[in-house]
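Chain residues, written in single-letter form:
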Amino acid sequence: MKTRWKFLNSDMLKVIAIVTMVIDHIGASFIETVLLSGSADNFQVLHEIDGVLRSIGRTAFPIFAFLLVEGFFHTRNRTGYLGRLVLFTALSEIPFDLAFYGRLFYKDSQNVFWTLVIGFLVIEGFESLYEKYELRRKYIVETREWINGTGGKSGISLQWMAPVYTGFLICLAALFTFVGMTAAAFFRTDYNIYGVLLIVLFYIGRRAGIHPLLCCIGGYLLFLWEPYSIGGFLLILFYNGERKWRGRGFQYFFYLFYPVHLLILGLIRVVFLAN
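To start, this report covers the structure provided alongside it. (Residues numbered from 1 in each chain as written. Predicted model: local features only at pLDDT ≥ 70, side-chain atom pairs only at ≥ 80, totals over all residues. Heavy atoms only, no water.)

### Some remarks on the overall build of the protein
The following threshold applies: Helix and strand definitions follow DSSP, with helices as H or I runs of at least four residues and strands as E runs of at least two, each counted in order from the N terminus. Accessibility here uses a 1.4 Å probe with only protein chains present; expressed as a share of the type maximum, an area under 20% marks a residue as buried, one over 50% as exposed, and anything in between as partly exposed. The Shrake-Rupley method, run with a 1.4 Å probe sphere, supplies the accessible areas, and residue values consider only the shown protein chains as cover.
From N to C terminus, the protein includes 10 helices and zero strands. Starting at the N terminus, the α and β elements of the protein follow one another as α-α-α-α-α-α-α-α-α-α. Looking at the protein as a whole, 42% of its 275 residues are labelled buried. As presented, the protein carries roughly 15100 Å² of accessible surface, and 68% of it is formed by carbon and sulfur atoms.

Structure, rendered in structure tokens:
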């Protein structure tokens, strides 16, 4: 049931996310470079401006994580979805390193698409487990009904199967999450293990039908180290469930925007702030 205060569709959320992301990246790429150089005459003013820009930028990632999960459930081709994420992960790495580190390759930090790819793979594993759980649950129910229908006993031997199998799947889900967190930490992706856990949280909330408010509260508690991320979680609550009001070509604008804007920032940094 739609309510009047849920007025943001997925594209509106994406626009908000990329605008706040650009604001954040201006601070991280330009202002912090000047501050770290030690050549700023008005250090305190620039430091305060940078704080404002970076605080605004904390809005972006919760929205991107949420929309990744929404896209996961709505897409008809998850392989293609993953392929696009991997492609733009590769395309974004050099622009990312240029924009934030002023070099073509920096091994100690990777762009946010890495986090999205790892999170996607983890929830794809979750979805596979969920499908297996549903098949086994259906099998157990149908077997019990068949036994009862033939006049046999209710199949006491089947009673242990559901909780044991469920416990096994939960252990596998925990393993998938641990592997995803380990990968994020190893590659030092943007938002690291917290980004992967937030994607998992949004997936579980979506699959289990948990109210978005509870998911956002849980997400914000996970991101308390980034207190200004609260803006992103609040905006998610205004999501109306509508996916698109534009043509398919506009979809690629959102993918291309990330590496292109980083490349522009990186080139400006290298040309004008190299010294």
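### Here we look at the pattern of salt bridges
Which entries qualify depends on this criterion: Within this document, salt bridges are pairs made up of a side-chain nitrogen of Lys or Arg and a carboxyl oxygen of Asp or Glu, the two lying within 4 Å of each other.
Under the defined criterion, the tally for this structure stands at nine salt bridges. Where Arg-54 meets Asp-24, a salt bridge forms, and the shortest distance between an N and an O atom there is 2.5 Å. Residue Arg-54 is located in helix H2 (residues 43-57), and its partner Asp-24 is located in helix H1 (residues 10-37); the two are separated by 30 residues in the primary sequence. Note that Glu-127 is salt-bridged to Arg-207, the shortest N-O span being 2.5 Å. With a gap of 80 residues between them, Glu-127 in helix H5 (residues 112-149) and Arg-207 in helix H7 (residues 192-208) connect regions that are remote in the sequence. Assessed through its relative accessible area of 29%, Arg-207 is described here as partly exposed. Via salt bridges that share partners, Asp-24, Glu-32, Arg-54, Arg-58 and Glu-226 belong to a single interconnected network.

### Section: the packing of aromatic side chains
Basically, it comes down to this: Any pair of Phe, Tyr and Trp rings, taking the six-membered ring for Trp, is counted once the centres come within 6.5 Å. Such a pair is stacked with planes under 30 degrees apart, edge-to-face with planes over 60 apart, and tilted for the rest.
Counted under the stated rule, the structure contains 29 aromatic pairs. Here the aromatic rings of Phe-66 and Phe-202 are separated by 5.5 Å at their centres, their planes lie at 80 degrees, and the arrangement is edge-to-face. Linking Phe-66 in helix H3 (residues 60-74) with Phe-202 in helix H7, this pair joins segments that are 136 residues apart in sequence. Accessibility expressed as a relative area gives 10% for Phe-66, which makes it buried. Using a relative accessible area of 5% as the deciding quantity, one classes Phe-202 as buried. These aromatic residues form a ring-pair network of at least three members: Phe-61, Phe-66, Tyr-191, Tyr-194, Phe-202, Tyr-220, Phe-223, Trp-225, Phe-233 and Tyr-239.

### Points about a nonpolar patch on the surface
What counts here: Distance thresholds for patches are 9 Å for like charges and 5 Å for nonpolar side chains (Val, Leu, Ile, Met, Phe, Trp, Tyr), applied to residues having over 30% relative accessible area and no salt bridge.
Judged by side-chain polarity, Tyr-252, Leu-256, Val-260, Ile-264, Ile-268, Val-270, Val-271 and Phe-272 come together as a nonpolar surface patch covering roughly 720 Å² of accessible area. Note that Val-271 resides in helix H10 (residues 249-272). Its relative accessible area of 59% is what places Val-271 among the exposed residues.

### So, the environment of Pro-95
Heads up, the rule is: Residue contacts follow a heavy-atom distance rule, with two residues in contact if any of their heavy atoms lie within 4.5 Å.
Secondary-structure assignment places Pro-95 in helix H4 (residues 78-101). Residues Pro-95 and Ile-264, 169 residues apart in the sequence, show an inter-C-alpha distance of 8.0 Å. Non-local contacts of Pro-95, meaning those with residues more than four positions away in its chain, are made with Pro-259, Leu-262 and Leu-263.

### Side note on the nonpolar core
One broad rule of soluble globular proteins: the nonpolar side chains tend to lie buried together. Threshold: In this description, a nonpolar core means a group of buried Ala, Val, Leu, Ile, Met, Phe, Trp, Tyr and Cys residues linked to one another through side-chain atoms lying within 4.5 Å.
Of all hydrophobic cores here, the largest spans 57 residues; its most connected members are Phe-61, Leu-85 and Phe-202. Ignoring anything within four residues of it in the chain, the contact list for Phe-61 reads Val-112, Thr-115, Leu-116, Tyr-191, Gly-195, Leu-198 and Phe-223.

### Some details on the side chain of Asp-50
The following threshold applies: His is not counted here, nor are the chain ends, while Lys and Arg score as positive and Asp and Glu score as negative.
Structurally, the position occupied by Asp-50 is in helix H2. One buried charged residue, Asp-50, forms no salt bridge at all, with the nearest opposite charge on Arg-54 at 4.9 Å. Those residues in contact with Asp-50 that sit more than four places away from it in its chain are Gly-27, Ala-28, Ile-31, Glu-32 and Leu-35.

### Remarks on the environment of Gly-102
By the element assignment, Gly-102 lies in the loop between H4 and H5. Assessed through its relative accessible area of 36%, Gly-102 is described here as partly exposed. Once the C-alpha coordinates of Gly-102 and Leu-265 are considered, the two residues, 163 residues apart in sequence, prove to be 9.9 Å apart. What Gly-102 contacts, discounting residues up to four positions off in sequence, is Asp-97, Arg-269 and Val-270.

### Some remarks on H4
We count it as follows: To estimate the expected span of a helix, subtract one from its residue number and multiply by 1.5 Å. Polar contact criterion, stated in full: a pair of N or O atoms within 3.5 Å, where within protein one must be able to donate a hydrogen and the other to accept it, and residues adjacent in sequence count only if both atoms are side-chain atoms.
With 24 residues, H4 should reach 34 Å at 1.5 Å per residue; the first-to-last C-alpha distance of 33 Å fits that figure. For H4, the capping residue at the N-terminal end is Asn-77, with a side-chain oxygen 3.4 Å from the backbone nitrogen of Thr-79. Of the residues flanking the end of H4, it is Gly-102, one or two places downstream, whose phi is positive at about 65 degrees.

### A word on H2
Our working rule: Throughout, the arc means that of the directions going from the helix axis to the C-beta atoms.
Counted at 1.5 Å a residue, the expected span for H2 with its 15 residues is 21 Å, and the 21 Å between its end C-alpha atoms agrees. Along H2, the positions that sit buried rather than exposed are Leu-46, Asp-50, Leu-53 and Gly-57. In a view along the axis of H2, the buried residues occupy a sector of 65 degrees, so they form one face of it. The inward-facing, buried residues of H2 abut H1 and H3.

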